[in-house]
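So the chains spell out like this:
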Amino acid sequence: MAVFAVTVCSVFTRHFERKFKLHTGFTPQKYNSIVRFKNAIKILRNESSDNLLSVAVKAGYYDASHLSREVKKLSGSTPNFFLSLPPDNETTIIYTK
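Predicted, not measured: the structure shown is a model, and the values here were computed from it.

Student: Got a minute to help me understand the overall build of the protein in this structure?
Tutor: A tally of regular secondary structure across the protein gives six helices and zero strands. Helices and strands in the protein line up, N terminus first, as α-α-α-α-α-α. Counting every position in the protein, which comprises 97 residues, the buried fraction comes to 32%. Contacts spanning at least 24 positions in sequence make up 41% of the contacts within the protein whose residues lie at least 6 apart. By element, 58% of the accessible surface of the protein is carried by carbon and sulfur atoms, the whole surface being about 6,600 Å².

Student: Is there a simple way to think about helix α2 (residues 13-24) in this case?
Tutor: Since the α-helix advances by 3.6 residues per turn, residues separated by three or four positions end up pointing in the same direction. With 12 residues, α2 extends 16 Å from end C-alpha to end C-alpha; this agrees with the ideal 16 Å at 1.5 Å per step. Where α2 is concerned, the buried positions are Phe-16, Glu-17 and Phe-20. Down the axis of α2, the buried set is contained in an arc of 100°. They therefore lie on one face. The exposed set on the far side of α2, more than 90 degrees from its buried face, consists of Arg-14 and Leu-22. Where α2 ends, the next residue or the one after it, Gly-25, has phi of about 90°, a positive value.

Student: Explain the packing of aromatic side chains to me, please; I cannot follow it from the model alone.
Tutor: The geometry of an aromatic ring pair comes down to the distance between the two centres and the angle between the two planes. Counting across every chain of the model gives four aromatic pairs. Ring geometry for Phe-37 and Phe-82: centres 6.5 Å apart, planes at 85°, overall edge-to-face. One end of the pair, Phe-37, is in helix α3 (residues 28-46); the other, Phe-82, is in helix α6 (residues 79-84), and 45 residues separate them in sequence. Both residues of the pair, Phe-37 and Phe-82, count as buried. Seen from their ring centres, Phe-81 and Phe-82 are 5.2 Å apart, and the 80° between their planes marks the pair as edge-to-face.

Calculation notes
- Residues numbered from 1 in each chain as written.
- Predicted model: local features only at pLDDT ≥ 70, side-chain atom pairs only at ≥ 80, totals over all residues.
- Heavy atoms only, no water.
- Helix = DSSP H or I, 4+ residues; strand = E, 2+ residues; numbered from the N terminus.
- Buried < 20%, exposed > 50% of the residue type's maximum accessible area, 1.4 Å probe, protein only.
- Contact = heavy atoms within 4.5 Å.
- Areas by Shrake-Rupley, 256 points an atom, 1.4 Å probe, with all protein chains shown as cover.
- Expected span 1.5 Å × (residues − 1).
- Arc of directions from axis to C-beta.
- Phe/Tyr/Trp six-rings, centres within 6.5 Å; stacked < 30°, edge-to-face > 60°.

Shape descriptors only; they carry no functional weight alone.
Structure below.
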């Protein structure tokens, strides 16, 4: 993400990262991780797939263990927890650091 912005906007990488964090509160890498996480949770909750590998690949993760580590790191829960929630149940996701 940062390389694309640096190329398009003609700014230095570090300058872009500082400005991005100033405006979003996250580094570009952390923001990308959160967006990918939210996408994975959406897929887990809305699709009837028991195969974590397919969910991981659709959400942009390398494999199921990568998905599991990120979900655990960002939410404190496992992917199976999100699979067990009813699809129509509104859930607030709080990111942990």
